[in-house]
Amino acid sequence: MNAKSPVIKEHLVELRLFGVLLVLMVVLSLISDRFLTVDNLTNVLWSVCLIGIMTTGAIYAPITGGIDLSVASMAALAGILANVFMNVYGMNWIVAIALTLLIGAAIGWLNGIVTTKFLVPAFIVTMAAKTYLFGVAMLVSNGDQITIMQPAPFLQIGIGKFLGIPIPIYIMFALVIVSHILLKKTVFGRRAIAVGANEVSAKLTGVNPDRTRIIVYTISSVTATIAGIVMASLTQQAYAMNATGYELDVITAIVVGGTSLMGGSGSVIGALIGAVMVGFINNGLNLLDMPSALHPIATGIVILVALIMNQGISLPAVLKKWFSRPGVAEAAK
Amino acid sequence: MSANSKNDLLLECRGIDKNYNGPQVLDGVDFSLRRGEIHALVGENGAGKSTLIKIVTGITNRNGGTIVFEGHEIPVEHSKIASEKLGIAVIYQELSLIHGMTVAQNIFLTKEPLLAGLPFIDIRKMNEMAQAMIDKYGFDLRATDIIDRLPIAQRQTVEILKALSNKASLMIMDEPTSSLTATESERLFKIIRMLKAEGITVVYISHRMEEVYDLSDRVTVLRDGKLVSVLEGEEITPAEIIRLMIGRELTEDESHHKMVKKEGDVVLEVRNLCSEGKLNDVSFKVRKGEVLGFGGLVGSGRTELMRAIYGIDPFDSGEINYLGKPYSPTVEKSIASGYGFVPEERRLQGIMGGISITGNVGIANLDSIASPAGFVSSSKELERAQEAISILNIKPPNPDHLVGNLSGGNQQKVVVGKWLIRDLKLLIVDEPTVGVDIGAKEEMYQTIDRLSKEGVAILVVSSDLPELTRLSDRIIVLRKGRIIKEFTEGVVTEEEVLRAASGIVEGGAK
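Reading the values: the criteria
- Residues numbered from 1 in each chain as written.
- Chains lettered and ligands numbered in written order.
- Predicted model: local features only at pLDDT ≥ 70, side-chain atom pairs only at ≥ 80, totals over all residues.
- Helix = DSSP H or I, 4+ residues; strand = E, 2+ residues; numbered from the N terminus.
- Rg over C-alpha atoms; globule rule 2.2 N^0.38 Å.
- Contact = placed C-beta atoms within 7 Å.
- pLDDT = per-residue confidence, 0-100.
- Axes fitted to C-alpha atoms, helices over the stretch in contact; angles between N-to-C directions.
- Left-handed = near helix turned anticlockwise from the far one by under 90°.
- Nonpolar A, V, L, I, M, F, W, Y, C, P; charged D, E, K, R; others polar.
- Domains from an automatic or database assignment.
- Pairing = 2+ DSSP bridges.
- Core = buried A, V, L, I, M, F, W, Y, C linked by C-beta atoms within 7 Å.
- Buried ≥ 20, exposed ≤ 12 C-beta atoms within 10 Å, placed from the backbone.

## Topic: the overall build of chain A
The helix and strand inventory of chain A stands at 17 helices and four strands. For 333 residues, the compact-globule estimate of 2.2 N^0.38 gives 20 Å, and chain A sits close to it at 21 Å. The principal-axis extent of the C-alpha atoms belonging to chain A is close to 80 × 55 × 50 Å. Here the analysis covers contacts within chain A between residues at least 6 apart in sequence; of these, 78% occur between residues at least 24 apart.

## Here's the deal with the confidence of the model for chain B
Residue and element names in this part refer to chain B. For chain B, per-residue confidence averages 85 on the pLDDT scale, and residues scoring 70 or more make up 93% of the total. Confidence, expressed as mean pLDDT per element, reaches its minimum in chain B at helix 9 (residues 252–255) with 48 and its maximum at strand 18 (residues 426–430) with 95. Counting interchain partners and residues more than four positions distant, the pLDDT-below-50 stretch residues 1–5 has six contacts.

## What about the packing of helix 6 (residues 93–117) of chain A against helix 12 (residues 209–235) of chain A?
Residues and elements named next belong to chain A. In the contact formed by helix 6 and helix 12, the axes pass within 7 Å of each other and the chain directions differ by 145°. Considering how the two elements wind past one another, helix 6 and helix 12 form a crossing that is right-handed. Counted by class, the contact of helix 6 with helix 12 contains 13 nonpolar, eleven polar and three charged residues.

## Here's the deal with the environment of Ile205 of chain B
All names here are of chain B. Residue placement: Ile205 occurs in strand 8 (residues 201–205). Spatially, the C-alpha atom of Ile205 lies 6.1 Å from that of Val42, the residues being 163 residues apart in sequence. Leave out the neighbours within four places in its chain, and Ile205 touches Leu41, Lys49, Met173, Asp174 and Glu175.

## Overview of the interface of chain B and chain A
Where interface size is given, it is often the accessible area lost as the parts come together that is meant. On the chain A side, the residues contacting the 33 residues of chain B number 27 residues. Mapped by element, the contributors of at least two residues to the side of chain B that touches chain A are strand 5 (72–74), helix 2 (80–86), helix 11 (331–336), helix 12 (346–350) and helix 13 (357–364) of chain B. Among the elements that take part in the side of chain B that touches chain A, helix 13 of chain B stands out by supplying four residues, more than any other. Tallied by class, residues from the side of chain B that touches chain A come to 19 nonpolar, ten polar and four charged.

## Focus on the domain arrangement of chain B
All names here are of chain B. Partitioning chain B into structural domains gives domain 1 (9–249), domain 2 (250–338 + 424–510) and domain 3 (352–422). When each unit is reduced to the centre of its C-alpha atoms, the spacing between domain 2 and domain 3 is 26 Å. The interface of domain 2 with domain 3 comprises eleven residues on the first partner and 13 residues on the second. Residue contributions to the side of domain 2 that touches domain 3 peak at four residues, all from helix 17 (residues 438–453). Grouping the amino acids of the side of domain 2 that touches domain 3 by side-chain chemistry returns seven nonpolar, two polar and two charged.

## Focus on the sheet that holds strand 21 (residues 482–488) of chain B
Pairing between the strands of a sheet comes from backbone hydrogen bonds, and it takes one of two forms, parallel or antiparallel. Residue and element names in this part refer to chain B. A sheet is described by the order of its strands in space; here six strands give the open sequence 17-18-19-14-20-21, paired in mixed fashion. At either end of the open sheet lies a strand with only one pairing partner, and these are strand 17 (339–342) and strand 21. Taken pair by pair, the neighbouring strands of this sheet meet at an average axis angle of 15°, ignoring direction. By the bridge criterion, six bridges tie strand 20 (residues 474–479) to strand 21 in an arrangement that is antiparallel. From the neighbouring strand, Arg479 faces strand 21, where its bridge partner is Arg482. Running over the sheet, helix 10 (residues 302–310) touches strand 14 (291–295), strand 17, strand 18, strand 19 (457–461) and strand 20 and is turned about 150° from strand 18.

## Brief notes about the sheet that holds strand 10 (residues 226–232) of chain B
All names here are of chain B. Read across the open sheet, the six strands follow the order 6-7-8-3-9-10; overall the sheet is mixed. Both edges of this open sheet fall to strand 6 (88–91) and strand 10, since each of them pairs with a single strand only. Taken pair by pair, the neighbouring strands of this sheet meet at an average axis angle of 20°, ignoring direction. Alignment of strand 3 (residues 38–42) against strand 8, held across four bridges, turns out to be parallel. Directly across from His39, in strand 8, lies its bridge partner Val203. In this fold helix 1 (residues 49–56) packs onto strand 3, strand 6, strand 7 (170–174), strand 8 and strand 9 (218–223), with an angle of close to 150° to the strand it touches most, strand 7.

## Here we look at the nonpolar core
Side chains of a nonpolar character, in soluble globular proteins, are inclined to be buried together. Grouped together as the largest cluster of nonpolar side chains are 166 residues, with contacts concentrated most on Ile53, Met54, Ala75 and Val230 of chain A together with Ile428 and Ile458 of chain B. No other element matches helix 12 of chain A, which puts 13 residues into this core. Viewed by domain, this core spans two of them, domain 2 (250–338 + 424–510) and domain 3 (352–422) of chain B, each represented by three or more residues. The residues touching Met54 of chain A, leaving out its near neighbours within four places in the chain, are Val71, Ala75, Thr223, Ala224, Ala227, Tyr246 and Val250 of chain A. Counting 61 residues, the second largest nonpolar core, distinct from the first, contains Ile53, Val212, Val221 and Leu222 of chain B.

Put into structure tokens, the structure is as follows:
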């Protein structure tokens with residue numbers, strides 16, 4: 001047997017996506033000579049890093065057959081809370097970040113509890129959380145766009161560079177690696193996949209689906225909080241509307257990355273590629289000076305195409321079924 | 001409608017073939033129905049009855065053969081909607097009515113009478129039409145009753161009314177009496193005879209031989225996916241049907257499998273287990289190396305008992321002793337202490353179809369493939385999967401294969417196999433061979449025999465009587481959550497088990 005083949009098979013989805021990404025890069029570099037420059041590529045990675053960071057945790061919800069719509073509101077709230085802790089209560093920035101993460105974790109835990117113990121669908125629970133977290137963010141920030149002037153080390157998180165590359169990109173890649181290992185190499189990852197694949201069977205095989213799901217939503221909320229802290233530092237701003245609509249970009253990245261919303265499988269690396277791909281498309285449209293209205297159209301088309309591809313149904317098969325249906329009923333008359 | 005002559009065929013199937021990814025489920029089956037007859041379709045579990053019905057009703061497509069209904073050839077790419085339009089109706093065991101709606105709303109779903117010229121439903125007219133149908137057949141129902149509040153038997157009548165309103169000329173009933181009381185069953189038989197009088201053909205699928213014997217004009221017997229015989233009139237006797245279903249003169253060993261008293265240590269002891277509405281004062285012991293069979297009808301509490309012992313559902317009172325110590329089960333504890341559990345519904349409860357054999361085996365063995373810190377060793381996981389594959393001869397022997405794409409028998413081997421590579425002390429199997437082909441069935445039996453020789457205590461729940469008597473060293477029969485009979489040592493016949501399960505007292509009438 002070929003020793004390499006299992007590795008290739010295991011990463012088939014990622015490899016295929018990476019191929020698509022390369023094709024996209026080639027096309028974009030042919031269209032614009034500004035595309036394939038270190039500066040531009042860094043910019044794209046920088047622009048997707050918030051989505052990328054959220055994705056690393058949010059991906060576990062679809063893997064278990066759920067969804068987390070609260071990540072964007074959570075991120076906005078996290079930035080506002082961190083600013084309040086540092087600049088109103090005068091806390092040390094590390095303490096402030098730790099406290100913000102703790103609050104993020106608690107909110108995720110609460111999402112998990114309501115979903116599992118009170119049996120409210122995750123879609124509804126996290127949509128409610130999205131709404132009330134946004135409300136809390138508005139309340140705490142008074143609806144203002146607050147500029148964060150200090151502390152300096154906190155601001156370095158977003159705008160600092162190491163070896164010429166922005167720190168948020170390091171944070172994103174670090175979280176991707178952690179999340180990838182968590183999914184593929186740990187007991188928790190196995191359990192999350194099992195719960196998504198068949199909850200009843202998982203339960204009868206000794207997995208506690210409730211516990212697994214509670215951890216899933218906690219993780220999702222924590223990475224959203226990290227993204228929010230990075231965002232606050234990056235934009236030097238604490239503002240309730242800062243991440244509006246990001247949850248859909250996160251879901252787009254996850255779905256384009258080959259994770260089924262039905263649960264039972266998922267790829268963290270695929271989701272990263274998905275995020276980068278959406279970033280490239282927007283970047284390409286920017287470079288071509290296309291109107292910004294085209295961006296959501298392009299994103300929408302990408303989601304649809306990715307979903308259709310993931311279903312593995314060919315167009316001819318669909319058409320054939322469509323046109324062969326009425327036959328029998330007609331014959332009966 | 002034409003006369004009820006012998007050659008007036010409503011449905012004619014010729015040479016129907018069907019295979020699901022491998023095993024041949026139907027092999028050149030001929031099946032014909034006359035207009036206005038009651039036709040029983042019988043066979044052991046896995047003989048191909050359900051598949052044949054699914055093909056006729058368009059739920060699955062056949063691989064070969066022709067079907068002619070009312071003189072029209074039915075194409076291979078058939079659909080359920082198309083077959084309903086033709087007048088083929090199935091009265092489901094698990095009913096397909098919409099719960100929150102009324103009887104009338106269900107009957108006229110998608111064909112509601114409208115207010116003249118308007119896109120609004122004429123509710124009054126709909127209720128009147130429904131009530132007229134109900135009265136015509138003398139059913140004890142009101143058109144405005146909500147489905148949820150009706151007992152199962154009544155819902156079944158609503159299903160029948162729905163089929164009648166579709167002008168069904170063929171009604172298929174799959175085990176219609178399985179959850180009915182004796183009186184309710186009698187009422188159903190009356191309805192079936194009424195349908196026959198109206199010229200409607202009824203296909204009746206049942207494991208209860210007396211019903212088949214009483215009702216049917218003709219009987220088609222299937223065995224291992226092949227047509228064995230079609231009986232008519234005088235030829236129909238329970239004994240003959242059973243002989244044809246089983247298909248061979250049972251050897252002494254098979255028909256009267258000797259039950260052996262096992263002397264090993266008690267592995268599990270259950271005392272006075274009670275669970276509101278499910279179990280009533282159940283007590284038993286199972287010893288090392290003993291195969292303890294549980295017989296009973298569907299709904300007799302067998303599955304509920306197994307679930308309670310494994311720790312899925314809590315129970316109200318009673319004690320469990322496991323390996324000589326008091327034990328209050330939870331699934332996690334049970335697995336860690338040597339239980340294995342093969343659930344009743346393979347597809348819904350057993351397999352994780354969307355993931356690989358490795359994933360399915362791994363999840364039950366996380367304790368042996370992961371480090372204490374929670375990191376899984378992929379190579380150990382693969383080893384365990386390969387072990388399970390080789391012990392049970394799973395085909396194809398490819399650990400990466402998605403379990404959902406395996407044949408029924410191989411799926412079941414995965415569900416069983418994930419436990420066999422553990423230090424197993426007690427294995428619970430609920431309906432181990434439903435939907436499994438003959439070869440895999442025999443392998444499953446040999447596996448259970450082997451495990452019992454290795455000292456594993458095994459609890460087997462089965463509705464397949466030959467299977468139950470073939471496997472068990474002792475048989476407990478449950479009825480309405482109670483142990484009603486225990487067969488120990490010596491021989492037991494399928495008939496004895498069935499009589500006990502049906503609540504027929506020794507020598508009593510039926």
